[in-house]
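# Structure assessment
Here are the chains, one letter per residue:
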Amino acid sequence: MEPVSESSRTRRRMTGAERREQLIQVGRALFADKGFDGTSVEEIAASAKVSKPVVYEHFGGKEGIYAVVIDREMQRLLSLVTQALSASHARVKLERAALALLQYIEESSEGFRILVRDSHAASGTGTFASLISEIASQVEDVLADEFRERGYDPKFAPMYAQMLVGMTALTGQWWLDVRTPRREEVAAHLVNLSWNGLKGLDSDPGLTGATRGLVLTPSAETRTPRPTEREAKEQEKLRREQEKAREREQRERARQLERRQRELEKLKEREQRERAKELERQLKEQEKLRREQEKARERELRERAKELERRQRELEKTREREQR
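Rules and cut-offs
- Residues numbered from 1 in each chain as written.
- Predicted model: local features only at pLDDT ≥ 70, side-chain atom pairs only at ≥ 80, totals over all residues.
- Heavy atoms only, no water.
- UniProt positions renumbered as here; feature names shortened; annotations may be inferred.
- Helix = DSSP H or I, 4+ residues; strand = E, 2+ residues; numbered from the N terminus.
- Axes fitted to C-alpha atoms, helices over the stretch in contact; angles between N-to-C directions.
- Parallel < 35°, antiparallel > 145°, perpendicular 65-115°, else oblique.
- Left-handed = near helix turned anticlockwise from the far one by under 90°.
- Contact = heavy atoms within 4.5 Å.
- Nonpolar A, V, L, I, M, F, W, Y, C, P; charged D, E, K, R; others polar.
- Polar contact = N/O pair within 3.5 Å; in protein donor to acceptor, adjacent residues only side chain to side chain.
- Buried < 20%, exposed > 50% of the residue type's maximum accessible area, 1.4 Å probe, protein only.
- 1 Å grid on protein atoms, 1.4 Å probe; cavity = no way out; pocket = protein on both sides within 12 Å on 5 of 7 lines; lining within 4 Å.
- Points joined across faces, edges and corners; volume = space filled by probe spheres on them.
- Domains from an automatic or database assignment.

## Observations concerning the UniProt feature "DNA-binding region" (unreviewed entry) in the chain
Under the feature "DNA-binding region" (unreviewed entry), the UniProt entry names residues 40-59. Helix makes up 80% of residues 40-59 and strand 0%, whereas the separation of the span's terminal C-alpha atoms amounts to 13 Å.

## Things to note about the packing of helix α7 (residues 109-117) against helix α9 (residues 157-178)
Across the interface, α7 lies against α9 with an axial gap of 11 Å and an inter-helix angle of 130 degrees. Viewed along their axes, α7 and α9 adopt a mutual orientation that is oblique. Crossing of α7 over α9 shows left-handed handedness. Where α7 abuts α9, its residues S109, F112, R113 and V116 lie against G172, Q173, L176 and D177. Here the residues of the contact of α7 with α9 sort into 3 nonpolar, 3 polar and 2 charged.

## Some details on the side chain of R28
As for its placement among the helices and strands, R28 is situated in helix α2 (residues 16-34). Reaching out from R28, the side chain makes a polar contact with the side chain of E73 at a distance of 2.8 Å.

## Notes on unusual backbone geometry
With omega at 0 degrees, the peptide bond leading from T180 into P181 counts as cis. Structurally, P181 is set in the loop between α9 and α10 (183-199). Phi at K49 takes a positive value of approximately 60 degrees, unusual for a residue other than glycine. By secondary structure assignment, the location of K49 is in the loop between α3 (41-48) and α4 (52-59). Here R179, not a glycine, exhibits a phi torsion of approximately 55 degrees, which is positive. Topologically, R179 is positioned in the loop between α9 and α10. Here R179 falls in the partly exposed class, since its relative accessible area comes to 32%.

## A few points about the layout of surface pockets
Taken as a whole, the second largest pocket encloses approximately 390 Å³ of empty space. As for the second largest pocket, its lining consists of 18 residues, of which A17, R20, E271, E274 and R275 are closest to the centre. Of all the elements in the fold, those that place two or more residues in the lining of the second largest pocket are α2, α5 (62-84) and α11 (229-323). Looking at which element gives the most residues to the lining of the second largest pocket, the answer is α11, with 9 residues. In terms of residue class, the lining of the second largest pocket is made up of 5 nonpolar, 2 polar and 11 charged. Both domains that furnish three or more residues to the lining of the second largest pocket are identified here as domain 1 (17-200) and domain 2 (232-323).

Structure follows, in structure tokens:
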């Protein structure tokens, strides 16, 4: 029989919760390096030194791990920004919000790469875009209050919030790779542009006369000739096909999102069941220990009663001898 290695013994001792956490961390590193599509269940299993069925047993596939990773990263980033926006002064809110994003990028580079890998911050699709939109909705309230105090129309606050958050998010993506200057300096420059720009904001902005109403047209050399009837039909057909392709893509994304949500819910239910089983096991052990302690106390009481009875008999015998 071959000797069992130390690593094998360690893997056997790992609990279900520990194994799930290990797979999550392994998947997180691979998703950050290769993206979701570039990562396979085989790679996750090999990196975790387990078989593929173990991955399927805990998560149903890489989609389940990815859903947990995305949920954790989004909650962490949103938590940092939400804390930053709890400051009292508007400028302090902007400073802390910028620092919060840069801190997250610095401390969780892998997580940030996963969030932005498949979706550009300004693309309007994907998890990172939805997260940015949620942050912008919080910044919107800050800007609306500032607009009212300064006499600006607060109805434009949502648009300005998208501008500010988008600017900060794109700067963060750039800083993710360059990492210079340090995050406090980057935040200071971001706030310098946004705050001083807001400070001198025109209450009724408009374009200059030289630009207002301008419609650009290509020169004669580059102007596209009017398509023939056949070409127009081909273009219309292509346009319809592209629209159908976009609709299919949107439906597929919606199905994927729904599937990931279901997998995440199943994972949470599985974790709850595991916790319930663990709690039940602990309660049973406690009850078993209580019964053993009660039995031990009963034995002790019986021993004491016997000892007392024995001494009582000896005392009576002694008294009888003395009387005789």
